[in-house]
2 protein chains.
Amino acid sequence: MKNEKITSSTVDFAKWYTDVVNAAQLASYTSVKGCIAILPNGYAIWEKMQNELDQKFKELGHVNVQMPLLIPEGLLNKEKELVEGFAPEVAWVTMGGSKELEERLCIRPTSETVFCDFYKNFIKSYKDLPLLYNQWCNVLRWEKETRPFLRSREFLWQEGHTIHSTKEEAENETKRMIEVYKWFHHEILAIPSIIGLKTEKEKFAGAEYTYTNEALMFNGVTLQCGTSHYFGQKFSKSYDIKFTNKNNNEEYAYQTSWGTTTRMIGAVIMVHGDDKGLVLPPKIAPKQVVIIPIGTDEKVVLLSKKIDDKLNKNNITSYIDLSEKSPGYKFAEAEVNGIPIRIEIGKRDLENNSITLVRRDTSEKIIINADSNLVESINELLETIQKDMYHRALKRREELTFEAKNLEEVQNIMNNKPGFIKACWCGDAACELKMKEIKGLKSRCILENEKLISDKCVVCGKQAKELVVWGIQY
Amino acid sequence: MKNEKITSSTVDFAKWYTDVVNAAQLASYTSVKGCIAILPNGYAIWEKMQNELDQKFKELGHVNVQMPLLIPEGLLNKEKELVEGFAPEVAWVTMGGSKELEERLCIRPTSETVFCDFYKNFIKSYKDLPLLYNQWCNVLRWEKETRPFLRSREFLWQEGHTIHSTKEEAENETKRMIEVYKWFHHEILAIPSIIGLKTEKEKFAGAEYTYTNEALMFNGVTLQCGTSHYFGQKFSKSYDIKFTNKNNNEEYAYQTSWGTTTRMIGAVIMVHGDDKGLVLPPKIAPKQVVIIPIGTDEKVVLLSKKIDDKLNKNNITSYIDLSEKSPGYKFAEAEVNGIPIRIEIGKRDLENNSITLVRRDTSEKIIINADSNLVESINELLETIQKDMYHRALKRREELTFEAKNLEEVQNIMNNKPGFIKACWCGDAACELKMKEIKGLKSRCILENEKLISDKCVVCGKQAKELVVWGIQY
């Protein structure tokens, strides 16, 4: 059943997205332009994401820190490319209390400069390295157009900042962390992201190179879902971070950074959602099961409570809806909120000694015997849902991945439905710009390990150097 | 053994404090005046604190949200008392990108205004209430004098903001949460804080009343460790937050807020620390046990690893120090970092079939049989340490709690060693100010449930109304 509060995605995708955010009470607009309030339903999803990532980071030897929110202008200005990349979109603090500041402070858009400033004083010898630091925090970028979770002025993220005594180690860290994000997307969010290199134009300001995870939303638009940057010695030279190496020589250190954000909540909505609302992969669903008793029969309520208790004791997060709303209303509410499994228990189920499970992702009804091992059945079903959601998203990604050898083919694809367009590229920024004329297509990433599908650039026809995935971006 | 990097607390308490913060690598100064970097050792303690509190909040029905960092000036100005209390100490954002903003935005010093702005639009009926919201975030106050953890411009905290349909429910929440902080201090941090009401002068700007937890550091100075505010309808009237009550009438809502901060790391240092460094209560120690093999004997290292493995598998966080430093250096390092239990294993221990445990809090050595149940022994010892630390702090608090009936008695106490001074008060702000002349004594809190110790005000000698605890504050 369609939800009345939600515009159909086929009618207006952008409106559908905002309607889902509102109807599922994930976030709310605020009096501060471009900044959202993340509401309990949204924040609980973020907490699940944080737990998964944080545990993984720590298993790999990373430790959490907290660096200052504010960056003095002089410190920001030390890395030329970084400042050119970020200066147009930072917020400036110019007054403290009633006094004008001698030096402006910007609110961090990202914290490379602050970490560099710390490393500079902290690191003396190769014995102090590597430092594998991460922080969970808020950042601010003065965006002009904003959309809840996808692009807002303030957002929450984690930013890893590591520093190493060898190039090799730092490059391995860069690759390792983009693989961690891939694991996170594939295994936890059921989103089959792809990995590739950003072009010179699209890479992080100040990086030698940037790996990216790109994902496809169900309308064929692409979303950058995590990036991992290799800085080499660029920042360490700008910020004078030297250490004494094993040969007792001074050397500039090698650095990386990597991050992912609350934008992932938007990705989950746009990869898995439908016209009934949110569909949450079980691994990040704050509540995995909702139990809805049909009617007020005492035995029904008693059994519902018993089941709720049993599930929660067995590490399945469940809740029971005993409010005075109608069952239909409760169903719709659980659907809007994306709860993976709904358990319905009515008088007839009691008589038949059965329990009805309903999958959120497929609406499939599964009737099981009340005497069977419910915990096991639910656990199996949660696993199945997680896998099925991934495979559906993968199938869609494959269906929406196209190949093009020239601009006409690109145009034909785009006249139909957008997606990942694989096409070869000569490496010239002018050709990259030319692609943008077709409905704003941008290079998403360079595929390093796939064979070129043509020896000619899709735009100019000259010698192709790279196989690039193109797409429309959020 | 004294640590060389740490000034003795009897020589210079302030220097001792900073030395411990540095030697234990809890925090570091940064290029941003008054803002610290919280380093891995410090942040890991904060994470332990967060876990304990967050779990408790959730058990009591609170949910986490995230409101914006920035507050438009017009929004801040709606509550007169709040703006007077905080305006002198906020940082103002006046530029976004390269454009001057039409309205200045302040970085949140606290978020009552932002929550009110949200509640105003969100709440319609008593059925929407209560909302028990909390957020973990950074805040900024433009302090002039700062000290790591105790008072810094930016700090991390949690701020609970709840809204209710009845006065009674809101007042109960205010009391419940100050009791939660007391539980946190007593049971988790081993700090015997006391609870009382703030005077009119010391209460939170905009609150009807403020409950506070006050703790005594080992040098007799007091520290505010958590506050819980009852707002009644003050904010709801300023921000126009109305709901339809059960009688179908419009009514202004009742609100509370409560918070505690990274300052608690400072409290732990100053309640439990010594000249060797940090002493961590086991319940917030990121690492509870360090294993130090003496010598490089293969069997010794093997046994060390076996023990480390066993402890970690049994939920005791331990690590093994296999670095090339000398045992003495490793001991000192573990001591500086406050690790509750050190396990030493040498060749002689192997021969004697024994294991040596050393308590950080008392330096006591405990030799146990290698065949005994090590996990059980360690768990018991961790519990004993936690309890002993609490009781030592409680005994000290009692020894440093004094009573005074007139200013001469106050002066005599303060000439010796400061502490909690219980003295009666007429309720006149002038007398409160007068007390400040004696080494800066301030009212810490009003004890509601204790009998007056005199019928005369300690300052003016007129009729006493309240029994107040006075102290020097950080």
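Attention here is on the structure that accompanies the text. A quick note: this is a predicted structure, and the numbers were derived from the prediction, not measured.

How each quantity is defined
- Along each chain, numbering runs from 1 in the same order as the chain's sequence is written.
- Whichever chain is written first is A, and whichever ligand is written first is 1; the rest continue in order.
- The model is predicted, so local features are restricted to residues of pLDDT at least 70 and side-chain atom pairs to those at 80 or more, both for listing and for counting; the totals for chains, interfaces and linings are taken over all residues.
- Secondary structure follows DSSP: runs of H or I at least 4 residues long count as helices, runs of E at least 2 residues long count as strands, and numbering of each begins at the N terminus.
- Within these notes, the globule rule equals 2.2 Å times the number of residues to the 0.38 power, and the radius of gyration is based on C-alpha atoms.
- Exposure classification rests on a simple neighbour count of other C-beta atoms within 10 Å of a residue's own: a residue reaching 20 or more is buried, one at 12 or fewer is exposed, and one in between is partly exposed. C-beta atoms are placed from the backbone.
- Here contacts are defined at the residue level, using C-beta atoms placed from the backbone and a cut-off of 7 Å between them.
- What sets the superposition is a least-squares fit of C-alpha atoms, and only residues with pLDDT of at least 70 in both copies go into it.
- Axis definition: a line fit to C-alpha positions, over the contact stretch in the case of helices; interaxial angles, taken between N-to-C directions, run 0 to 180 degrees.
- Two helices cross in a left-handed way if the nearer one is turned anticlockwise from the farther one by less than a right angle. They cross in a right-handed way if the turn is clockwise.
- Amino acid classes used here: Ala, Val, Leu, Ile, Met, Phe, Trp, Tyr, Cys and Pro are nonpolar; Asp, Glu, Lys and Arg are charged; the rest, including Gly, are polar.
- When DSSP finds at least two bridges between two strands, those strands are taken to pair.

1. Focus on the overall build of chain A
- Counting its regular elements, chain A contains 14 helices and 23 strands.
- Here chain A has a C-alpha radius of gyration of 25 Å; the compact-globule value for 474 residues is 23 Å, and the two agree.
- A principal-axis box enclosing the C-alpha atoms of chain A has dimensions of 80 × 55 × 50 Å.
- Split into buried and exposed, the 474 residues of chain A put 51% on the buried side.
- For chain A, the share of sequence-separated contacts (at least 6 apart) that also reach a separation of at least 24 residues comes to 69%.

2. Quick look at the relation of the copies chain B and chain A
- Overlaying chain B on chain A yields an RMSD of 0.0 Å, the required transformation being a rotation through 180° with an accompanying axial translation of 0.0 Å. Look at the turn and shift together and you get a two-fold axis relating the two. For chain B, the residue whose C-alpha comes nearest the rotation axis is V93 of chain B, separated from it by 2.1 Å.
- In this assembly, 100% of the residues forming the interface of chain B have copies in chain A that are likewise at the interface, indicating an isologous arrangement.

3. As for helix α1 (residues 13-23) of chain A
All names here are of chain A.
- Where α1 is concerned, the buried positions are W16, Y17, D19, V20, V21 and A23.
- Buried residues along α1 sit in contact with β1 (27-29), α8 (263-272) and α10 (327-336).
- Positive backbone phi, approximately 50°, marks Q25, located one or two places after α1.

4. Describing the packing of helix α9 (residues 298-313) of chain B against helix α12 (residues 374-399) of chain B
Residues and elements named next belong to chain B.
- Where α9 contacts α12, the two axes come as close as 10 Å, and the packing angle between them is 65°. In terms of crossing hand, the pair formed by α9 and α12 is right-handed. Mapping the contact onto sequence places I307, K310 and L311 in α9 and L374, V375 and I378 in α12.

5. Observations concerning the interface of chain B and chain A
- Counting from both sides, the interface comprises 41 residues of chain B and, opposite them, 41 residues of chain A.
- It is strand β5 (residues 91-96) of chain B that contributes the most residues to the side of chain B that touches chain A, 6 residues altogether.
- For the side of chain B that touches chain A, the per-class residue count stands at 27 nonpolar, 10 polar and 4 charged.
- By the bridge criterion, 5 bridges tie strand β5 (residues 91-96) of chain A to β5 of chain B in an arrangement that is antiparallel. The residue of β5 of chain B that forms the bridge with M95 of chain A is W92 of chain B.

6. A few points about the sheet that holds strand β16 (residues 318-320) of chain A
Residue and element names in this part refer to chain A.
- Strand order in the open sheet formed by 5 strands is β16-β15-β17-β18-β19, and the pairing between neighbours is mixed. This sheet does not close on itself; its edge strands, each paired only once, are β16 and β19 (365-369). On average, each strand axis in the sheet is inclined to that of its neighbour by 25°, with strand direction left out of account.
- Along the sheet, α10 contacts β15 (289-293) and β17 (341-345); its crossing angle with β15, the most-contacted strand, is approximately 175°.

7. Some details on the pairing of strand β7 (residues 131-140) of chain B
Residues and elements named next belong to chain B.
- Extensive coverage of β7 is indicated by the burial of 7 of its 10 residues.
- Bridge analysis of strand β3 (residues 63-64) against β7 gives 2 bridges, and the strand direction is parallel. Bridged to N64 within β7 is N134.
- Where β7 meets strand β8 (residues 154-164), 10 bridges bridge the pair, whose relative direction is antiparallel. Opposite N138, over in β8, you have L156 as the bridge partner.

8. Brief notes about the sheet that holds β5 of chain A
- What the 6 strands build is an open sheet, ordered β4(A)-β6(A)-β5(A)-β5(B)-β6(B)-β4(B); its pairing is antiparallel. Edge positions in the sheet fall to β4 (70-72) of chain A together with β4 (70-72) of chain B, since each of these pairs with one other strand and no more. Averaged over all pairs of adjacent strands, the angle between strand axes in this sheet comes to 45°, irrespective of strand direction.
- Note that β5 of chain A and strand β6 (residues 99-107) of chain A share 4 bridges and pair antiparallel. For G96 of chain A, the partnering residue across the bridge sits in β6 of chain A and is K99 of chain A.

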